[in-house]
Amino acid sequence: MSWNVAHRMTPESSEREIFSYSGAVSAGIVGATGESLRARLAMLNVESQRARKVFSSFVELAYNIIHHGEPEGARDVKIVRCGSIAVWEAGQRYHLRSQSLISAVNAPPIRQRLQALRDLTPEQIRFEFRLRLTNLQYAADDSPNGGAGLGLLTIARNAAEPIDFELSPVPSHDGRLQLIIHTVIQ
Amino acid sequence: MERLTLAATQFTPLVDFDYASRALTLQGESYPENAAEFYRPILSALREYASDGAQSGKTTVTLQFAYVNSSSTRSLQQLLTLLDAAARDGASIEVRWLVELDDDVMTELGVDLLSDKSSLSYEIVSR
């Protein structure tokens, strides 16, 4: 990756913003934002294969916020987790960037999974995906050996280059960390 | 056994398990937040079906998805593993995985899910 994802807050002028969402993330929000994204991709005549991959990675990133994120602000049971996801196009490549808070306890295993994933070739990603699929005894999407779960592997399969990520401390959030994941689809 | 039918929703596929005609159909989207919870009754029905006369005729399973998220993929793996075991025990089961013509993602997923099910008769059909 040629830039630091943490310092990219908005698309640059040469890029086209496609969709962005910031706020509470629940299953209902995933459905509503996902359908909005699909409609936007269709309106922009994005080729169907790419559009499917963008939608797939969007849903996996959003569920990743729900499943691994930490509550932000008031711990209202209705507002499950908070985060943001942006989708933009640059040079016929589609970028997705998610941002959320995770707990200090969750950070090391997530870092380990994302680092392991970043080093895999496309062939190794597909092999790992099949391996995870056949290991049904692991009910949760946590890896028994530090490898990534099916959700992250799905994002990696859709991607044109290794997933980039950054974990950084957020001083005002009780030791919680900000997790940014950036993936590119071609 | 009573016929199991569930209407399609934004997140979940149409489900029609017609025991009388030995046909199971899942069709639509599959990306519920808790896929295990959604697929649990379908897996239970299949287990009961497999232990209660699945051997006496051919069973047709039609799977046609527009999109499947990762946790649903895990549940589909469980479903197909169960069918594969029933086929190994003597049941005649045919699985049809239907995909849109240009949908390479769903085609690849079909290959990933079905290629190791050595006792199942299956075909992946683009149309």
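Quantities reported herein were computed from a predicted structural model and do not represent experimental measurements.

Enquirer: I would appreciate a short explanation of the overall build of chain B in the present structure.
Expert: Counting its regular elements, chain B contains three helices and six strands. Its C-alpha atoms give chain B a radius of gyration of 14 Å, near enough to 14 Å, the size a compact globule of 127 residues would have. Dimensions of chain B along its principal axes, counting C-alpha atoms only, are 35 × 25 × 20 Å. When the 127 residues of chain B are sorted by exposure, 40% land in the buried category. Sequence separation of 24 or more characterises 66% of the internal contacts of chain B that already satisfy a separation of 6 or more.

Enquirer: Before we go on, may I ask you to explain the interface of chain A and chain B in this structure?
Expert: Bring the parts together and some accessible area is lost; that lost area is often taken as the interface size. In this complex, chain A contributes 21 residues to the contact, which on the side of chain B involves 19 residues. In terms of residue count, the dominant contributor to the side of chain A that touches chain B is helix 2 (residues 48-68) of chain A (ten residues).

Enquirer: Honestly, helix 1 (residues 27-43) of chain A in this entry has me stumped. Any pointers?
Expert: What sets the pattern is the α-helix's 3.6 residues per turn: residues three or four places apart point alike. Residue and element names in this part refer to chain A. Over its 17 residues, helix 1 runs 24 Å from end to end, which matches the ideal 24 Å to within 8%, given 1.5 Å per residue. Taken residue by residue, helix 1 has Val 30, Gly 34, Leu 37 and Leu 41 as its buried positions. Projected down its long axis, helix 1 shows its buried positions confined to an angular sector of 65°, all on one face. For helix 1, exposure combined with an orientation more than 90 degrees from the buried face picks out Glu 35, Ser 36, Ala 39, Ala 42 and Met 43.

Enquirer: I would appreciate a short explanation of the environment of Ala50(B) in the present structure.
Expert: Residue and element names in this part refer to chain B. Take Ala 50: it is sitting in helix 1 (residues 35-50). Between the C-alpha atom of Ala 50 and that of Gly 110, which follows or precedes it by 60 residues, the distance is 22 Å. For Ala 50, the residues in contact, after removing those within four places along its chain, are Leu 82, Ala 86 and Ala 91.

Enquirer: Please explain the sheet that holds strand 2 (residues 81-90) of chain A as it appears in this structure.
Expert: What holds strands together in a sheet is hydrogen bonding between their backbones, with the strands either parallel or antiparallel. All names here are of chain A. Judged by pairing direction, the sheet is antiparallel, and its five strands sit side by side in the order 1-2-3-5-4 without closing on themselves. Looking at the sheet topology across the chains shown, the edges are occupied by strand 1 (16-25) and strand 4 (164-169). The average angle at which neighbouring strand axes cross in this sheet is 10°, direction not considered. Relative to strand 5 (residues 177-185), strand 3 (residues 93-102) is paired through nine bridges, and the arrangement is antiparallel.

Conventions and cut-offs
Residues numbered from 1 in each chain as written. Chains lettered and ligands numbered in written order. Predicted model: local features only at pLDDT ≥ 70, side-chain atom pairs only at ≥ 80, totals over all residues. Helix = DSSP H or I, 4+ residues; strand = E, 2+ residues; numbered from the N terminus. Rg over C-alpha atoms; globule rule 2.2 N^0.38 Å. Buried ≥ 20, exposed ≤ 12 C-beta atoms within 10 Å, placed from the backbone. Contact = placed C-beta atoms within 7 Å. Expected span 1.5 Å × (residues − 1). Arc of directions from axis to C-beta. Pairing = 2+ DSSP bridges. Axes fitted to C-alpha atoms, helices over the stretch in contact; angles between N-to-C directions.

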